[in-house]
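One-letter residues, chain by chain:
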Amino acid sequence: MSEDLYHKTLLDLAALPEERLEQADRSITVDNPLCGDRVTLDVQLENGKVRAIGREVRACLICQASAAVLSRTAVGRTAEEVAETAQQVREMLKSEGKPPEGDWVEMANFQPVADYRSRHGCVLLPFDALKKALADS
């Protein structure tokens, strides 16, 4: 894979420390059977919004970086807002859509992944985990 895929910003994001929550309202683990990525998220909720997220990621650099952005940007968001952002990221990767804006602007760093279809799931796996964790909120 080329250097544009594994650029410094993604390396820095992937290196951010992970921490699980001791008291979570929900914990979920999702796997990508195609590549072996595994994301575990702990979520605390308050008034239908994400109050805190903890994570443990055993995955490639791209998935680690995506989970890092998600864990700090999804705080204060509803399930609907997370699903909407996940769809924007999906469109950015699959159909050359625009990256999310505002608080989610860091997801633009994943645009080079669009050229590597086999890596789309790596970016989206943390979003899938959070959407599942929030499904009953």
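Summarised in this report is the structure supplied together with it.

What counts, and at which threshold
- Residues numbered from 1 in each chain as written.
- Predicted model: local features only at pLDDT ≥ 70, side-chain atom pairs only at ≥ 80, totals over all residues.
- Heavy atoms only, no water.
- Core = buried A, V, L, I, M, F, W, Y, C linked by side-chain atoms within 4.5 Å.
- Buried < 20%, exposed > 50% of the residue type's maximum accessible area, 1.4 Å probe, protein only.
- Helix = DSSP H or I, 4+ residues; strand = E, 2+ residues; numbered from the N terminus.
- Contact = heavy atoms within 4.5 Å.
- Axes fitted to C-alpha atoms, helices over the stretch in contact; angles between N-to-C directions.
- Parallel < 35°, antiparallel > 145°, perpendicular 65-115°, else oblique.
- Left-handed = near helix turned anticlockwise from the far one by under 90°.
- Pairing = 2+ DSSP bridges.
- Phe/Tyr/Trp six-rings, centres within 6.5 Å; stacked < 30°, edge-to-face > 60°.

Bringing the nonpolar core into the picture now. Counting 40 residues, the largest nonpolar core has F110 and L130 as the members making the most contacts within it. At the level of elements, α1 (8–14), β1 (26–31), β2 (38–46), β3 (49–58), α2 (61–73), α3 (79–94) and α4 (120–134) are the ones that each hand at least two residues to this core. Among the elements that take part in this core, α4 stands out by supplying 9 residues, more than any other. Ignoring sequence-local partners within four residues, the contact set of F110 consists of L10, I62, A65, S66, V69, M92, L93 and V123.

Okay, the packing of α2 against α4 next. In contact at an axis separation of 7 Å, α2 and α4 are set at 40° when each is read in the N-to-C sense. Taken together, the axes of α2 and α4 are oblique relative to one another. In terms of crossing hand, the pair formed by α2 and α4 is right-handed. Counting all contacts with α2, which are made through I62, C63, S66, A67 and L70, the residues of α4 involved are C122, V123, L125, P126, F127 and L130.

This part is about the pairing of β3. Bridge count for β2 against β3 is 9 bridges, and the pairing is antiparallel. In the strand pairing of β3, Q44 is matched with A52. Counted between consecutive antiparallel strands, the loop separating β2 from β3 contains 2 residues, among which N47 sits at a positive phi close to 55°.

A few words now on the packing of aromatic side chains. A complete count under the given rule lists 1 aromatic pair for this structure. A centroid spacing of 5.7 Å and a plane angle of 40° characterise the contact between W104 and F127, whose relative ring orientation is tilted. Taken together, the positions of W104 in the loop between α3 and α4 and F127 in helix α4 put the pair 23 residues apart, joining distant regions of the chain. Using a relative accessible area of 6% as the deciding quantity, one classes W104 as buried. Look at F127 and you get buried, because its relative accessible area is 0%.

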